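Residue-level structure breakdown
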Amino acid sequence: MADKWETSLTSQAALVILPPLSQLSAVQKIRKEHDKAYSKWAPHVTLLYPFLPPSFLEQVTKLIDQGLGTVMHKGRVLREYFPLRVRLSSMQNSSGSKYVTLQLMEVDEEAQGTLLALHSFLHQKLYQGSDVGGVGSNKSASKGKGKGKGKQSGNGKKTTKEIESRSQSFHPHLTLGQWPQNQVDKEMHRMNEGWIPIEFEVGELSMMWRKDADAPYKAIGSITLGEPEEEEERTA
């Protein structure tokens, strides 16, 4: 099972948070001019990438739903934190060789801590969890699956080393765009002046998929994080 999951990972899929577009007009205006991924991605906060193709959606949904009701975070079941109020208000840059990426970050420590706990749970459950055949388990690694030096194979698969690196450096953010090194400080200062924080509730995850490298990513399914309201009503 672990081998099947690991060899199915692809950069054509991702598990993300999609903020409501109705609140992102300022973000989209910036992204349209500066973000090279504008035409391929809706504004999003990535949780797991690469991810699994659509055929795994039902199984992934079941695993996440089961885990949310058992994993503890600061004395509470993780599910109880959702829907979670998130506030993206702080700009941070991520340096590259020629360009710098500006990102909107969550600044509230409690909300950020919950998002980090969610990511840790998802990474362990879906990438490492030996009980569910996770894609990054020691068992699969010992067989030589996913080995590599940070390169992506021709079929869009990512290596286990890349996955672990992404997890260790995880910071929840929404990308605004890319700027030349000598312009980014000035642009960040200009945009920070009068910036209105973006607030929204996170109540579900979206599974994203694109059919090929030229196609945009589209949401193909959602996974509820909080208590299912319909089930509560039926059992009341």
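Up top you'll find the structure we're talking about.
A brief structural summary. (Residues numbered from 1 in each chain as written. Predicted model: local features only at pLDDT ≥ 70, side-chain atom pairs only at ≥ 80, totals over all residues. Heavy atoms only, no water.)

A few words on helix H2 (residues 25-34). Turn by turn, an α-helix covers 3.6 residues, leaving residues three or four places apart pointing in a common direction. Those residues of H2 not exposed but buried are Val27, Gln28, Ile30 and Arg31. Burial along H2 is one-sided: seen end-on, the buried residues are contained in an arc of 165 degrees. Among the exposed residues of H2, those pointing more than 90 degrees away from its buried face are Ser25, Lys29, Lys32 and Glu33. (Buried < 20%, exposed > 50% of the residue type's maximum accessible area, 1.4 Å probe, protein only. Helix = DSSP H or I, 4+ residues; strand = E, 2+ residues; numbered from the N terminus. Arc of directions from axis to C-beta.)

Moving on, we come to the pattern of salt bridges. Considering all chains together, one arrives at seven salt bridges under this definition. Two residues, Arg79 and Glu227, come together in a salt bridge whose shortest N-O distance is 3.8 Å. In this pair, Arg79 sits in the loop between strand S4 (76-77) and strand S5 (84-95) while Glu227 sits in the loop between strand S10 (218-224) and helix H8 (229-235), placing the two residues 148 residues apart along the sequence. Its relative accessible area of 7% is what places Arg79 among the buried residues. Linking Glu199 and Arg85 is a salt bridge whose minimum nitrogen-to-oxygen distance equals 3.7 Å. With Glu199 in strand S8 (residues 198-202) and Arg85 in strand S5, the pair connects residues that are 114 residues apart, well separated along the chain. Residue class for Arg85 comes out partly exposed when judged on its relative accessible area of 46%. (Salt bridge = Lys/Arg side-chain N within 4 Å of Asp/Glu carboxyl O.)

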